[in-house]
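Now for the letters of each chain:
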Amino acid sequence: MQKSKDSQHSKDAQSSASGSDSAITDLSATSSDAALTTDGLIEAQLMFMQHWLRQHAEPLANEAWQWLGEQTLSQYVSCDDLQYLLNDWLLSQPISEVMRADIRDILHTLIYHPINDNIPLSEIIDDTQVETITSYIGSHEQQRNLLIHSLIGNDAFADLLTQTLYHAINDFMESTLDKAGGVGKLMKLGRSSFEKATNKNLDDKLQTYLRRNIKDLTHRAEANAQAHLSNEEVARLLVTGWAGIKDQPISHLQTYLNDEPGDSSLTHIEASAQQSYNRLRVSPYVHSLVTAAVETWYGNHQSDTFATVAAGLNISEQAMAQLSTALLPIAHDAIDSPWLAAHIREMLETFYNQPHIKAGLTVNNL
């Protein structure tokens, strides 16, 4: 198979060489026929230049990249240039509707791809990653206690629980007294007598009692939660929770999304993200952060060459050579295009129409 490929490369090289010789012969003939006319000379030069560029397009691209790679960033790009590019151009433009539609379609394809039915969650999240996250969360005891206090120990939670219990007790008593017949009427009379004798509303008394006791209970619950949820317990809960879901297919996540026509979760998520982006991209706050980030990056890399900057993005000379080869058909088509030929012809005509060039050609033709 390799011998066959080498043979094919040899044939291609011979064909290319043959084509090159043929083109040069045609150029020579054209030059001879048009030796005494400026227009003929221009056409001959145009053909030669196009042919030469086709033959040297790939090495020219590689040499151009090598030259650019040796130049330092600060020679051609300033910090202000980058600031303008990001703040005044990219952030000033909303994402187009075409790109938004592409984002939605790509997300839909990825999330609802059939392969997700056979791939477990552990394929995209490794156990070691879970262990790292678990250790990190478990070790932040102070932050965890603040979270527990925010959820359990705050007064708002106690008031909410008080109102919930009060309504539950009140509804129970009312429904029970209504069903109790004479005993229920007697209990209602006793309640009325109590309120007249103490000059207090029984409902207010009940709420005050609940509030006082529930606040004490929530404080105890907070203390118990903080004592129970130790670093080891938090780690155990997280690991146990992960073990319970890691073997489920990735497609299980689809159960949390709606894919009905006109009511797609992805559409709502994308629209919400766009709303946030459009609000933040014009925010002075974001512009300030972008400015600070650009200044930091430029300060770190302004003395680097373009090749060094590209290497940070994993763009090597080999990658650029492969890219140049891939783009070679585009370069050849551009070289052969009418618009490039027209520009070269215009350049040559301008050159030959210079008075001193015209005079020199006239003298030589005498």
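Residues numbered from 1 in each chain as written. Predicted model: local features only at pLDDT ≥ 70, side-chain atom pairs only at ≥ 80, totals over all residues. Heavy atoms only, no water.

1. Section: the environment of Leu 160
With respect to the helices, strands and loops of the structure, Leu 160 is situated in helix α8 (residues 155-179). Residue classification places Leu 160 among the exposed positions, given a relative accessible area of 56%. (Helix = DSSP H or I, 4+ residues; strand = E, 2+ residues; numbered from the N terminus. Buried < 20%, exposed > 50% of the residue type's maximum accessible area, 1.4 Å probe, protein only.)

2. Regarding the side chain of Asn 87
Along the chain, Asn 87 falls in helix α4 (residues 79-90). Looking at Asn 87, its side chain comes within polar contact range of the side chain of Thr 291, at 3.1 Å. The contacts of Asn 87, once residues within four sequence positions are left out, are Ser 92, His 287, Val 290 and Thr 291. (Polar contact = N/O pair within 3.5 Å; in protein donor to acceptor, adjacent residues only side chain to side chain. Contact = heavy atoms within 4.5 Å.)

3. Quick word on unusual backbone geometry
One non-glycine residue, Asn 314, lies in the positive phi region at around 60°. With a relative accessible area of 70%, Asn 314 lands in the exposed category.

4. Quick look at the nonpolar core
Nonpolar side chains tend to gather and get buried jointly when the protein is soluble and globular. If you look at the biggest cluster of nonpolar residues, it comprises 11 residues: Ile 42, Leu 46, Ala 57, Leu 328, Ile 335, Leu 340, Ala 341, Ile 344, Leu 348, Tyr 352 and Ile 357. Among the elements that line this core, the one with the most residues is helix α16 (residues 338-352), at 5 residues. Among the nonpolar cores identified, the runner-up in size contains 10 residues, and Val 77, Leu 91, Val 286 and Val 290 belong to it. (Core = buried A, V, L, I, M, F, W, Y, C linked by side-chain atoms within 4.5 Å.)

5. Regarding the confidence of the model for the protein
Averaged over all residues, the pLDDT of the protein equals 81, while 79% of them reach at least 70. Note on residues 1-20: pLDDT is under 50 here. Beyond four places in sequence and across chains, it has 3 contacts. Note on residues 30-35: pLDDT is under 50 here. Beyond four places in sequence and across chains, it has 5 contacts. (pLDDT = per-residue confidence, 0-100.)

6. So, the packing of aromatic side chains
All told, the structure shown has 3 aromatic pairs when counted by the stated rule. Seen in terms of ring centroids, Phe 351 and Tyr 352 are 5.0 Å apart; in terms of plane orientation they differ by 80°. Their pairing is edge-to-face. Using a relative accessible area of 38% as the deciding quantity, one classes Phe 351 as partly exposed. These aromatic residues form a ring-pair network of at least three members: Trp 67, Tyr 76 and Phe 306. (Phe/Tyr/Trp six-rings, centres within 6.5 Å; stacked < 30°, edge-to-face > 60°.)

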